[in-house]
Every structure is written in C-alpha cells, then in structure tokens.
Amino acid sequence: MTNGTKWGWSRWAMALAMAAVGGLLAACGGGGSDGGGHDEAAAVPAGTLRVHYQRAAGDYDGWGVYAWRGPTTPSSGWPGSPRFVFTASDGFGRYVDIPVDPSLGRMDFLLNRPTSASEAEKDQDCDRVATFAADIATRGQEIWLKQGDCATYDSAQAASGVNINHARAMWLSASRLVWPDLPAGGELRLYHAAQGGITVGAAGVQGADGFHTLSPTTLEAALRERFRHLASAPAFAVPVAAQAEVRSLLKGQLVVARLFQGQVTHATQLQIQGVLDDVYAAQARPQTLGVSFDGQGRPVFRLWAPTARSVELAVDGQPLRPMTEDPNSGVWSYTGETSWVNDAYYTYRVQVYSRQDGGVVTNTVTDPYALTLNANSEKAMVARLSDAMFKPTGWDGHAIPPLQAPSDSVIYELHVRDFSANDATVPAAHRGKYTAFAQANTDGVRHLQALAAAGLTHVHLLPTYDLATIPETGCVTPTITAAGPTSDVPQATVAATKDEDCFNWGYDPRHYGAPEGSYASDAADGAVRVREFRQMVQALHGMGLRVVLDVVYNHTSGSFLDRIVPGYYYRLNGDGFIERSTCCENTAPEYAMMEKLMIDTLKTWAVEYKVDGFRFDIMGHIPLAAMQAARTEVDAAAGRPLLYYGEAWNFGEVADDRQFVQARQANLRGTGIGSFSDRIRDAIRGGGPFDAGDDVLRRQGFANGRCYDNNALNGSTCTSDQRSELHYQQNLIRLGLAGSVHDFVLNGRLASSYDYGGQSAGYTADPYEVINYAGVHDGETLFDINQFKLPSTATASERARAQVVALGTVLMGQGIPFLHAGDELLRSKSLDRDSYNAGDWFNRIDWSATTNFFGTMGLPSAEKNRVEWDRMRPILSNANIPPSAADIRATRDAVLDLLRVRRDTTMLRLRSGADVRECVSFPDAADQRDGLIVMRIVGRKSDGSPCGDGRYANLVVLINAAPVDQTYSVAALAGRSLSLHPVLANGSDARVRGASFASGSGVFTVPGRSVAVFVEPAGP
Ligand SMILES: [Ca+2]
Ligand SMILES: [Ca+2]
C-alpha cells in the first residue's frame, strides 16, 4: 500500500468518508463548471427560496412558479396570482426569488405558463416539492429544476442532466442498459458515432451516425444480483437491431439521450464494462493471452482489445504487423517468427475510441501479460521462460520445502532492497538485489537461516512485480551522515532525491506478471531479472523457507490499462470516472478480464517462479468469488496448495458488499483465505493507526503499559476506565490467541459476540484464516510505537522486553504469526509512520544485531510526519531509549526461543476451529489481572482424541506484560507436574528461566515482561 492510510479502516472509514463528502460539498459550493455559475448572481436574501429553472431550448417566456403552499403569499386561482415568474438569469438558466414562511417546512408548487387568461400549460405533469433547509430563515436557500424532470436538486451540478463528458448510464448486457436517477417518461435514444464527434446542444444531438430507440423495461434477476448497486436503477431494453451490431457499436462513441417534448433533457456517455463481459468474456476468458508458442516454436501474440479498431504489433527492427481480431472473443492475434524468441522486444499500437480523450486515438502500449521487459518497462520481451537462459543452475529440480498444514506457517515480511542494501557483508554488486539472497555467509542470510532453523516458514516479500516508481537504471543513493537525534537534515536529504533514489515499497504496479527490474543486476536484459528472481526463490527454498509475494490487484500506477480497452479495467463511479479509494486508480476485478489478468499472472508466479503464497493488498476491494476462483485455479496450475491471505478491510465504494460480495473479513470465514487481524494488533499496540497528536502517546496497549505502567499523560495510578480498557484489550488478545475462531467461547460468550469497532471480534472458522501481527510495513514499527507509549523513564532493557512480550503474544497464538522484518532486532524507522518513500536511511536493518539506529537517524520525513515532530523530538532525544547491542541480541534470542517453542508442538498450531474450541481455554478470563494472560491448551479433547500432536497433557502459556512478577493460581492444575518448557528452561533469557510452577498449589509465577510456557508431558 502506497501511503499506509488504509490500515484499520473498521473504525476510521466513517470519519474519512465524511471528510471526503465535506470536501466534495466545499468544492461544489461555488457553482460548478457544468453551468452553475450562480456566483454571478446576487446573494439569496434571508427567508427566501431561490428557484432556478433550466429549459433545454432556452424558451423561458411566461414560465413561472405556481406555489399553493410555502410562500408568504401563496398562489391562488389559475393560472395563478401571485405567480413567480422567472426573470433573472445565470449560467444555469433563469431564476426567481420567492419569500417563504419557514414554519411551513416546505413549498408545494408546479411550473406553468399561461396560454390564455384562464388557461396554462405545465412543464411536466407533476407537483413539485421543495423541503426547506433548517436555516432558510436566516440564510435563504436555492433549488435547481429542469424541464422534463420532476426532481428538485440542491445544486446546479446535480441538476445538469446533459453532460457527455460524463458516463452516467451503464450498458450492462447486450439487451439491457440502466441510467440511475433518470426521471421517468420521455424517449430514450442510443446514439452512435464510429469516429466520435457527437455533441449535444440547443439543436439537440449532433454528429451521430444514427440512433436506436430504447424502451423502458426491468432488469432480469441475474443482472440485479450481478450489479446489485444498480438493481433499482431505471432500466431500458436495447432493440434487437442494436444488439445485432453491438460489436461495431462498442468500437465507437456511444451517447444516450432522453428527449422530452422534443427537447434533450439528459444526455450522457455509456459505461460499457457489463456489455463487454456479456458479449466477449465467455470466448475470451479461456484464451492464452500474451505470448505463447505454437507447435513450430513460433511466438503467438494475443491481446484482448474488443473495442479497438485496429491493433498492430511493433517488434524491434521489424515493420509493423497488423494483427487479426477474432470477433467472438475480441482477441487480436499474430503469429511471429522463431528468430524473435528470447531476443526481440515488442509493443502494441492500439487504435481505439477513448471517452477520456474524446475521440479515436492510437496508443502505443506494453503487453499487460508481459513476462519480462527491458529497462523501465518500455517494451516486453518475447520470452520463453522454460528455456535455459532464464534458469539458474539447478532450478528445475530444486526442492520446494513442504508444508504440512497452513496452521504451521510463520511469516516474515521483508523488502528485497532492505534485505541487503545496508549489509556490508554482501558484495557491493549484490546489495539491494535479488541475488543477495543467494550469497553465502552474509549477515542477512545467516539471520534468515537462524530464523528458519528456529521455526520460521515463509518469507513474504514486499512487491516484486514490475512497479513504476523506482528508476530501473541510474537510481541514486543520497549520501547522508548521522546527525543529532532531532536533526531535520537527513530527512531533507532523502526527500531531495526520493523519486530518483533506489527505494520505494512498490505498491504501484505496472506489469503484474513480470519481475521488477531495479532489483536485477541488469534491468535492460529481460532474461536477467527472470533468472535472478528465480535464483532468489531457489536460495530461500534452500534455507527451508517458502516464498510469499505481496500482490496489488486493487489498483495500478496510473491508468495504463485504459489505453488498451478504455473504460474497462478500472472501477468507475456514477459519473464514469475512475474510483481512487485505495489511493490510486482502482482496478475492477469484478469484471471478467481483470479477474483473468489477476488469476493468469498469479499462475505465472506459482508455476514459473515456484512461489508458495500470495498476500493481497486491500483484498476487500476484490470480489470474494474472484479470490476463490484464483485459489482454485492457481493451486490446480501449480499442483500444490499455496497460502492466500490479505488485507480484508471494508471501506470505500465497495464497502458492505454494496457492489459485490467482497473478500472482507466477515465474508472469509470458512474459505481458507486468511486476513490480517486489526483486533489483536490494536490491543497489543494500543490505539489505532490513525491516531494523531497526544492520542499516539495516550492510548497505551497491552504490551506498552496501559494501566499497569502508565506514562505521564495517563497519570500515576490506573483509573477504572483505564483498567476496563486494558481488560478489553486483553480479551481481544485472548480471542486472537484462539485464532479469532468465531464460535470459540470466552467467559461464557461466543467470540463473535465480542465487539471490535462495531464488528465481531471473532470471525474465522479455522485458526489459519487469521494473520496475527503487532507490526507491519504500514504504520510505525513495533519498536517505534512502543517508544511513544512506554513511560519515558523505562530502561532500554525493559523496552526490549516489551518488544518480546508483543512478539511473543503473536507467536504463542493459534492463527498464523506474522513478523515485520527486523522487529526481532528492535527495528526502528525513527518513529516514521509511513516509510514508503523514505529511502534506505530510514528503512535500514542491521542484521549483525549491533544497532537499531534509534537516535541517529534524525526526524522522520516531513511529508508524512511533520505535524508530529514536536511530539517526536523529546522521544528521539530520550537517552533511555537507544538499545545496546546486548539488548538487541537478547530480543533476537528470546524470539528465536519462542519460535522453537512453537515449532515443538502442533498444540500451538491447531488445525481447525473445532480443535481450538475443544483444546484452548483461558483460566484467567473471569478473574483478569492487569497485564497478564493465561492460556491453557490440553492434550486431549473430551472424547479422548489428541489436541494437535497431543505431545503434552497440559501446555500453559503465561504472558506477563507488566514490569513486576505476577502469580496466578490455576486450581485445576494443582498436583500436576508442569515445568518450564525445555527450550525456555535452557533458553537465552535468564529472567524467563526464573518462572516457576508450584505443583501443590497450582500457582504459576512469571517474572515481569516475560512470556513463559509450561508443559506437562503426556503420559505413556
Ligand atoms: Ca519497474
Ligand atoms: Ca524513492
């Protein structure tokens, strides 16, 4: 995600949505560009309703308002006295000011024009209503009306029905079209022009080749379900004659216009995604797009471009080759020459009508199915990835580490460049590159090997597809020297070249199926990035690690797919413009060929690069059905099950399943597709990702002192409110430790009945459907957020222990643990809340475990953090905070020990929700202590079958976040022979080694800021 602002939407979407609406209203308040222009008119007097009226032909003579209720002097008689005649004019039309009685609440009226002394015509056979605004008595009010339209609008823009820059009608299938909010009556025409050039003015629709008349109808049930947000929109039947020529119509400009009494009252262009799917998808979806090879080894190029008028293939050094369209699928193809294979680079020239460009344009485009490209994605390579030149030695036969069950996964989120850019033990040529993973005995590789040996299973790489923002040749690395802890110089130096440097998170996709070039040793040669990417995967597999790719199918960088099929690949708003709720141009995987692009490119990674899973950015913007189809098809293509999880937030134009059933948290239960849990994250860290100002410090969490170790903002003693907040956080954590399983029972209540920001805290069917985490690339690192919240007096070693408590909470839970790279080394980004473009300086990791750079980086980027700088300065200069190398190594070693504990028994990795319900309990749930969580996992279910491997008769996890020793008595365990887990009893942490269990009384003692695990071996 580019800017990190989508984190934790559950609680914030409403506020953001309201802010957006506020902005929109402000933007429209001065009169829009659609003929509003009332800013030229006099201010509306208090107690007055200004009625604007627009007639298509501008024939206003005699027209006025007949209002029988509302005015201080209502109309009576016929044609009416008084009658409020439109006299004043503005850019919209005419208007008249009517003094009203606000106490009446509304005005009832119609519009008429006398035709004789006692007769009048109405503009429309309807009575109109204007509801008074609450402040009409003091501020006046305006309304806008249109001929042929009975609605009352509150802005000129809203009233403007004629606007063919917009596309407000949707052609959903060959036979059906809808136009939301269109008034009833009148005649509807579908105009078409092969070359574009349609205009609508006083003389009506001009420049069209012809038109078809549409008739009102209703939508079939299937269309009402598929386009659920359009289900109640006025619908129209497309005549058979138009359906017969639908393919040629779709290649030109399309305008629908409503005529009323001979005048055009409404006109707009068409959104055509639905009809393109209806006409083409069944034939297009099974095709192999991009470059494939025929029986003679010749490259076959296929591009889906059903609205294109022509497509040419441009191969380097060759004349343009006209491609041929299959009219049934809309796929253009060309069979080339064998000499091009693994050598030539190509683009396409697509001649197509573009609504955005206002006519027929010729676009030079790259292949969206490109497998690899030259530098900076200018041209795709004619590449046959099965050939030897694309393979590192040993690629075909190398072993992919098997995974017994998804519950066994432990994920480590790592950025390709972060992995080695700062590692002096990596030869310079490999730093920041794919090949760094294949270097032996570097600090970074040794660190990954240690994690893997302890139990880490997956490395999840931030985006590695071809992304737009990093220059693939000649990227720069600024020279920065350490300055004072609060210097603003380093961040200014980073900012000066932030768009030319070699770093970006990469949430800006260009080519979904090709590797990014800046991580290759040679971006210009398309074979190199493929070979080196494979080398990276092979090296990680060789360490026993599996590879997950971060994929971003919810938006692209820019709208380049629109240059191939304008108006198809992106989700459009009601006016026909691209939605941007994800930050950038939102794609529309609810349409068949965007879904196909997603699934086909996922298959490329699974099959050609042998990766083991995918993390979906803003997955809630993708239909659940598309995710399920992807999982089925990709697993089938790979011949093995992969791991699928993502950000299943619920926000934006698709929220609450408005447009389709989303892949959001509440809908994923039982699908086997995982989602990040904001519940456990927020409870561990405290507050939420959108906190600002003092809230960042004040809202402490379970791991950083809430109640049991208040910071200065929260007072020296714990208030009852603070205690209940902590105990609520502890319950969210217990539910997270129980895998967020929806029907797990905690303290007599179902997990699903616990509230988290208006949603159910427990929402999964099985524990591997949740990703538990305390830190991720978005937001402050775990270390940094803890420094905001811990008391300023806490020592560096206590701060390190708080980190272990947070990570241990994640690692000891059912559900898949997820670590942000370097969290086990106290990774800091100098309090940065969004380091997506903050360069190597703020994103560094020291794998030698010597420093976390805190206090030497300076203030984080002004772009993302300046408003918080005053709060950051005292923290950045607090001498208690920078950890020693011993603190960092102690943290690392404690995390390694906890990984080993997890690996030791599947009782900590239960396979199903049923197992969690039967085997996991929280003895302290009804008797909570501040900063303590006690979890018990039994070795046998009530029917005698084992819990997991049943290796222990009892396993008890105690997480003591408080700085002081705590004891807890579990009566049911009195007399049992539990002892500290051997890994911990022989482990790195002397304080944890002091944890104890008094068998006679069943009392556990856990030292401060410690995670202790006790086990009782199962009997023979
Ligand atoms: Ca790139
Ligand atoms: Ca950059």
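Residues numbered from 1 in each chain as written. Chains lettered and ligands numbered in written order. Predicted model: local features only at pLDDT ≥ 70, side-chain atom pairs only at ≥ 80, totals over all residues. Heavy atoms only, no water.

**Focus: the confidence of the model for the chain**
Stage number 1. Put simply, the chain has an average pLDDT of 94, and 96% of its residues get 70 or more.
Stage number 2. For the stretch residues 1-40, pLDDT sits under 50, and the model shows 86 contacts to residues farther than four places along the chain or on other chains. (pLDDT = per-residue confidence, 0-100. Contact = heavy atoms within 4.5 Å.)

**Points about the pattern of salt bridges**
Stage number 1. The final tally for this structure, using the stated rule, is 62 salt bridges.
Stage number 2. Taking the shortest distance from any N to any O, the salt bridge between Arg228 and Glu225 comes out at 2.8 Å.
Stage number 3. What makes Arg228 partly exposed here is its relative accessible area of 27%.
Stage number 4. Owing to a relative accessible area of 49%, Glu225 belongs among the partly exposed residues under this scheme.
Stage number 5. Note that Arg685 and Glu780 form a salt bridge whose closest N and O atoms lie 3.6 Å from each other. (Salt bridge = Lys/Arg side-chain N within 4 Å of Asp/Glu carboxyl O. Buried < 20%, exposed > 50% of the residue type's maximum accessible area, 1.4 Å probe, protein only.)

**What about the packing of helix 18 (residues 796-811) against helix 22 (residues 885-904)?**
Stage number 1. Taken N-terminus to C-terminus, the directions of helix 18 and helix 22 make an angle of 20°; their axes are 9 Å apart at the nearest point. Between helix 18 and helix 22, the angle is such that the two are roughly parallel. Handedness of the helix 18/helix 22 crossing: right-handed. Taken together, the residues of helix 22 that come into contact with helix 18 (itself represented by Ala796, Ser797, Ala800, Gln803, Val804, Leu807, Gly808 and Leu811) are Asp887, Thr891, Ala894, Val895, Leu898, Leu899 and Arg902.
Stage number 2. Counted by class, the contact of helix 18 with helix 22 contains nine nonpolar, four polar and two charged residues. (Axes fitted to C-alpha atoms, helices over the stretch in contact; angles between N-to-C directions. Helix = DSSP H or I, 4+ residues; strand = E, 2+ residues; numbered from the N terminus. Parallel < 35°, antiparallel > 145°, perpendicular 65-115°, else oblique. Left-handed = near helix turned anticlockwise from the far one by under 90°. Nonpolar A, V, L, I, M, F, W, Y, C, P; charged D, E, K, R; others polar.)

**Considering unusual backbone geometry**
Working note: non-glycine residues mostly have negative phi, and peptide bonds are mostly trans.
Stage number 1. The amide bond that connects Trp78 to the next residue, Pro79, takes the cis arrangement and shows omega of 10°.
Stage number 2. Its location among the elements puts Pro79 in the loop between strand 2 (64-69) and strand 3 (84-85).
Stage number 3. For the bond from Ser81 to Pro82, the omega torsion is -10°, close enough to zero to count as cis.
Stage number 4. With respect to the helices, strands and loops of the structure, Pro82 is situated in the loop between strand 2 and strand 3.
Stage number 5. Within the chain, Leu826 stands out as a residue other than glycine whose phi angle is a positive 60°.
Stage number 6. By secondary structure assignment, the location of Leu826 is in the loop between strand 44 (816-820) and helix 19 (839-843).

**Structural notes on the sheet that holds strand 36 (residues 613-616)**
Stage number 1. One closed barrel holds the eight strands; their spatial order is 29-30-33-36-37-38-43-44, and the pairing between them is parallel. Strand-to-strand twist of the sheet, defined as the mean angle between neighbouring strand axes without regard to direction, takes the value 30°.
Stage number 2. Relative to strand 43 (residues 770-773), strand 38 (residues 674-676) runs parallel, the two sharing two bridges. Residue Phe676 lies in a different strand from strand 43, and its bridge partner there is Ile771.
Stage number 3. Against the sheet, helix 18 touches strand 43 and strand 44, its axis set at about 145° to strand 44. (Pairing = 2+ DSSP bridges.)

**Examining the packing of helix 14 (residues 678-685) against helix 16 (residues 720-737)**
Stage number 1. Here helix 14 crosses helix 16 at 135°, and the two axes come no closer than 8 Å. Classified by the interaxial angle, the pair formed by helix 14 and helix 16 is oblique. Handedness of the helix 14/helix 16 crossing: left-handed. From helix 14, Arg679, Ile680, Asp682, Ala683 and Ile684 reach across to helix 16, where they touch Gln729, Leu732, Ile733, Gly736 and Leu737.

**Looking at the nonpolar core**
Stage number 1. Within the largest apolar cluster, 245 residues are counted, with the highest numbers of intra-cluster contacts made by Trp171, Leu448, Phe614 and Phe616.
Stage number 2. Here this core takes nine residues from helix 12 (residues 592-608), the largest share from any one element.
Stage number 3. Excluding its chain neighbours within four sequence positions, the residues that come into contact with Leu448 are Tyr412, Leu414, Phe419, Phe437, Val459, Leu540, Met543 and Leu545.
Stage number 4. Tyr60, Val96, Ile98 and Met107 belong to the second largest nonpolar core, which has 20 residues in total. (Core = buried A, V, L, I, M, F, W, Y, C linked by side-chain atoms within 4.5 Å.)

**Comments concerning the coordination of the calcium ion (ligand 1)**
Stage number 1. Protein coordination at the calcium ion (ligand 1): the donors are Asp466 (OD), Leu467 (O), Glu472 (OE) and Glu516 (OE), at 2.2 to 2.4 Å from the metal.
Stage number 2. All donors to the calcium ion (ligand 1) come from one chain, and their sequence spacing reads D-L-x4-E-x43-E. Here Asp466, found in strand 31 (residues 465-467), pairs with Glu516, found in the loop between strand 32 (509-515) and helix 11 (526-542); they are 50 residues apart in sequence, far enough to count as distant. Neither residue differs from the other here; Asp466 and Glu516 are each classed as buried. (Donors = N, O, S within 2.8 Å, 3.2 Å for Na, K, Ca; no water.)

**Quick notes on the sheet that holds strand 17 (residues 235-237)**
Stage number 1. Spatial strand order, 11-12-17-16-13-18-19: seven strands in a closed barrel with mixed pairing. Put simply, the sheet's adjacent strands are angled 35° from each other on average, direction ignored.
Stage number 2. In this sheet, strand 17 lies alongside strand 16 (residues 210-217) in antiparallel orientation, the contact comprising three bridges. Counted as the bridge partner of Pro216 is Phe236 from strand 17.
Stage number 3. Its contacts with the sheet place helix 7 (residues 273-284) against strand 11 (169-173) and strand 19 (263-271), and it is angled at close to 15° to strand 11.

**Some words on the layout of surface pockets**
Stage number 1. There is about 610 Å³ of room inside the second largest pocket.
Stage number 2. Ser354, Arg355, Gln356, Asp357 and Pro566 are, among the 32 residues lining the second largest pocket, the residues nearest its centre.
Stage number 3. Elements that contribute at least two residues to the lining of the second largest pocket include exactly strand 18 (253-260), strand 19 and strand 26 (345-354). (1 Å grid on protein atoms, 1.4 Å probe; cavity = no way out; pocket = protein on both sides within 12 Å on 5 of 7 lines; lining within 4 Å. Points joined across faces, edges and corners; volume = space filled by probe spheres on them.)

**Quick notes on empty space enclosed by the protein**
Stage number 1. Taken as a whole and judged by the stated rule, the model has eight cavities of 30 Å³ or more.
Stage number 2. If you add up the space inside the largest cavity, you get close to 90 Å³.
Stage number 3. Lining the largest cavity we find 14 residues, and of these Gly686, Gly688, Pro689, Glu780 and Ile785 sit closest to its centre.
Stage number 4. Among the elements of the structure, helix 14 and helix 17 (782-789) are those that each provide at least two residues to the lining of the largest cavity.
Stage number 5. Of all the elements, helix 14 adds the most residues to the lining of the largest cavity, at three residues.
Stage number 6. Residue composition of the lining of the largest cavity, grouped by class: four nonpolar, three polar and seven charged.
Stage number 7. Empty space within the second largest cavity amounts to approximately 80 Å³.

**Observations regarding the state of the cysteines**
Stage number 1. For the structure on display, the rule yields four disulfides.
Stage number 2. At a sulfur-sulfur separation of 2.1 Å, the disulfide partner of Cys475 is Cys502. Because the sign of the S-S torsion sets the handedness, a value of about 95° for the bond joining Cys475 and Cys502 places this disulfide among the right-handed ones. Of this pair, Cys475 sits in the loop between strand 31 and helix 10 (489-496) while Cys502 sits in the loop between helix 10 and strand 32, and the two are 27 residues apart along the sequence.
Stage number 3. A relative accessible area of 7% means that Cys502 is categorised as buried.
Stage number 4. Two residues, Cys919 and Cys947, share a disulfide whose sulfurs are 2.0 Å apart. Note on the Cys919 and Cys947 pair: the S-S dihedral is about -85°, so by sign convention the disulfide is left-handed. Remark: Cys947 occurs in the loop between strand 46 (932-938) and strand 47 (952-960) and Cys919 occurs in helix 23 (residues 913-919); sequence separation between them is 28 residues.
Stage number 5. Residue class for Cys919 comes out buried when judged on its relative accessible area of 1%. (Disulfide = S-S within 2.5 Å.)

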